[in-house]
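Residues per chain, in single letters:
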Amino acid sequence: MFSHLPVPGTLRLFCRMSSSCVSALPTSLLRSAAYVGGSWIRSSDSATFPVLDPATGTELVQVTDCGPAECREALKAASGAFQSWKEVSSKERSNLLRRWYDLMIQNKEDLAKIITAENGKPLKEALGEIVYAAGFVEWFSEEARRIYGDVISVPLKDRRALVLKQPVGVATIITPWNFPSAMITRKVGAALAAGCTVIVKPAEDTPLSALALAELAHQAGIPGGVYNVVPCSRQKAPKVGEILCTDPAVAKISFTGSTVTGKILLRYAADSVKRVSMELGGHAPFIVFDSADVDKAVAGALASKFRNSGQTCVCTNKFLVQKGVHDAFVTKLAALIKKDLYVGNGFKDGVNQGPLIKRKSCGEGNY
């Protein structure tokens, strides 16, 4: 009744990138050191790792490669800052977050350039992510003023039950590379509004966006130690993740990424029964029945499959098309791909499909 429909040549198409364009990063927000306790610090062993432009393979910058020592410094800073941050009034936390939001909007073009340079997504799409990311900060700046408790009815007439909402403490924030700004602000905005402090461990492919947000948080007046960023290489990530998820100072873990890694972090959290929020990988089939409007289905399929060059957690990874419309759907989808998709460096005008984040994503033999 149904047949599996791959999209022939899709991965190969995304790997044919021009090497003629080398992205120029905005120096006003470009940071390569870790941000801990309100200061920019280097690793104790002076180690660094490269951030690459996925469109060309060109090295953009060397970033501080944090290890256990920097993690413990960040934990100390976040723990110390929590003692004062939790006492800051909800109005003042709201005002600080609003200033952070305003600075993100004022610098949205530069923030978008950083995303395109390290992630590869087209500049227009990157700009959309920044507006989206800033929206989380704006939302939580307003919600910070509305952290209400509850009064609950109880069986006894002379008593009332009161519920107070209080910050839990230090939160570890581990984010993916496909939305290097939005996946941070949606987590950090909520934590800071509630009165928690955070340590962000960004993906090793896209640490520059997290560090640029740290610069703007600093400019907004968010106190040192409230927002910390510890970038690290893939080689150091397991040890860094273990420390940030097992240390007694950490009360909450928020992670977006693979199910495999999520299971590891859940085991880390179990020993001390830490609170966790997990957004893990899944499957996203696109189902087309005989009764479907094929033109609308094709348009929806294009949007669903090719957002961020197919690199989102909800992008279609399997098409199930009923026999009656199968051939028409395939023909129209192929025609629309050829007509509407423009592959290239994300900084080039007209490009709406940037490179995949790394060469191995293209598949064996598709270079």
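Residues numbered from 1 in each chain as written. Predicted model: local features only at pLDDT ≥ 70, side-chain atom pairs only at ≥ 80, totals over all residues. Heavy atoms only, no water.

If you look the protein chain up in an unreviewed UniProt entry, it shows as Succinate-semialdehyde dehydrogenase, mitochondrial from Staurois parvus.

Undergrad: Can you walk me through the pairing of strand β11 (residues 250-257) in this structure?
TA: Most of β11 is tucked away, with six of its eight residues classed as buried. Where β11 meets strand β12 (residues 275-280), six bridges bridge the pair, whose relative direction is parallel. The residue of β12 that forms the bridge with Lys252 is Arg275. On the question of chirality, the crossover connecting β11 to the parallel β12 by way of helix α9 (residues 259-271) is right-handed. (Buried < 20%, exposed > 50% of the residue type's maximum accessible area, 1.4 Å probe, protein only. Helix = DSSP H or I, 4+ residues; strand = E, 2+ residues; numbered from the N terminus. Pairing = 2+ DSSP bridges. Right-handed = clockwise from strand over helix to strand, strands pointing away.)

Undergrad: I would appreciate a short explanation of the pattern of salt bridges in the present structure.
TA: Side chains that carry opposite charge are capable of pairing whenever their charged atoms lie near each other. Under the counting rule described, the total for this entry stands at eleven salt bridges. Glu279 is the partner of Arg186 in a salt bridge, and the nearest nitrogen-oxygen pair spans 3.6 Å. In this pair, Arg186 sits in helix α6 (residues 182-194) while Glu279 sits in strand β12, placing the two residues 93 residues apart along the sequence. Residue Arg186 is classed as partly exposed on the basis of its relative accessible area of 32%. Connected through salt bridges with shared partners, the residues Arg98, Asp102 and Glu138 form a single ionic network. (Salt bridge = Lys/Arg side-chain N within 4 Å of Asp/Glu carboxyl O.)

Undergrad: Help me understand the pairing of strand β9 (residues 197-201) in this model?
TA: If a strand is regular, its side chains alternate between the two faces of the sheet. Of all five residues that make up β9, five are buried, and the element is covered over most of its length. Side chains Thr197, Ile199 and Lys201 of β9 all project onto a buried face; the interleaved residues Val198 and Val200 project onto the opposite face, where all are buried too. Regarding topology, α6 serves as the crossover connection from strand β8 (residues 170-174) to the parallel β9, and that connection is right-handed. As paired strands, β9 and strand β10 (residues 227-229) are joined by three bridges and run parallel to one another. Counted as the bridge partner of Val198 is Tyr227 from β10. Regarding topology, helix α7 (residues 207-220) serves as the crossover connection from β9 to the parallel β10, and that connection is right-handed.

Undergrad: Just to check I follow, could you spell out the packing of aromatic side chains for this structure?
TA: Tallying each qualifying case throughout the model produces six aromatic pairs. With a centroid separation of 5.5 Å and an interplanar angle of 55°, the aromatic rings of Phe286 and Phe319 are classed as tilted. One end of the pair, Phe286, is in strand β13 (residues 285-288); the other, Phe319, is in strand β14 (residues 318-322), and 33 residues separate them in sequence. For Phe319, a relative accessible area of 3% corresponds to the buried category. Counting every residue linked through ring pairs, the aromatic cluster contains Phe286, Phe319 and Phe329. Across the ring face of Trp40, the terminal group of Arg31 is positioned such that the distance to the ring centre comes to 5.9 Å. (Phe/Tyr/Trp six-rings, centres within 6.5 Å; stacked < 30°, edge-to-face > 60°. Lys NZ or Arg CZ within 6 Å of the ring centre and 35° of its normal.)

Undergrad: Just to check I follow, could you spell out the side chain of Asn308 for this structure?
TA: Counting through the fold element by element, Asn308 comes out in the loop between α10 (294-306) and β14. Excluding its chain neighbours within four sequence positions, the residues that come into contact with Asn308 are Asn119, Lys121, Glu125, Asn178 and Phe179. (Contact = heavy atoms within 4.5 Å.)

Undergrad: What am I meant to see in α7 here?
TA: Two residues of an α-helix separated by three or four positions point the same way, owing to the 3.6 residues in each turn. Here α7 contains 14 residues, and its C-alpha end-to-end distance of 20 Å stays within 8% of the 20 Å for a straight helix at 1.5 Å per residue. In terms of residue burial, α7 counts as a mostly covered element, since twelve of its 14 residues are buried. Among all positions of α7, only Pro207, Leu208, Ser209, Ala210, Leu211, Ala212, Leu213, Ala214, Glu215, Leu216, Ala217 and Ala220 are buried. (Expected span 1.5 Å × (residues − 1).)

Undergrad: Just to check I follow, could you spell out the state of the cysteines for this structure?
TA: What is meant by a disulfide is a covalent connection between two cysteines, made through their sulfur atoms. Enumeration over the complete set of coordinates arrives at zero disulfides. Here Cys196 is not disulfide-linked; the sulfur of Cys245 is the nearest cysteine sulfur, at 15 Å. The exposure class of Cys196 is buried, given its relative accessible area of 6%. Not part of a disulfide, Cys232 finds its nearest cysteine sulfur in Cys71, a span of 7.0 Å. (Disulfide = S-S within 2.5 Å.)

Undergrad: Where do I start with the packing of helix α3 (residues 90-106) against α7 in this structure?
TA: When two helices pack together, you describe them by how their axes are tilted relative to each other and by the distance separating the axes. Remark: α3 packs on α7, axes separated minimally by 8 Å, with the N-to-C direction vectors making an angle of 130°. Taken together, α3 and α7 sit at an angle that is classed as oblique. As α3 packs across α7, the resulting crossing turns out to be right-handed. Within the contact between the two elements, α3 uses Leu96, Arg99, Trp100, Leu103 and Met104 and α7 uses Leu213, Leu216, Ala217, Gln219 and Ala220. Looking at side-chain class alone, the contact of α3 with α7 contains eight nonpolar, one polar and one charged residues. (Axes fitted to C-alpha atoms, helices over the stretch in contact; angles between N-to-C directions. Parallel < 35°, antiparallel > 145°, perpendicular 65-115°, else oblique. Left-handed = near helix turned anticlockwise from the far one by under 90°. Nonpolar A, V, L, I, M, F, W, Y, C, P; charged D, E, K, R; others polar.)

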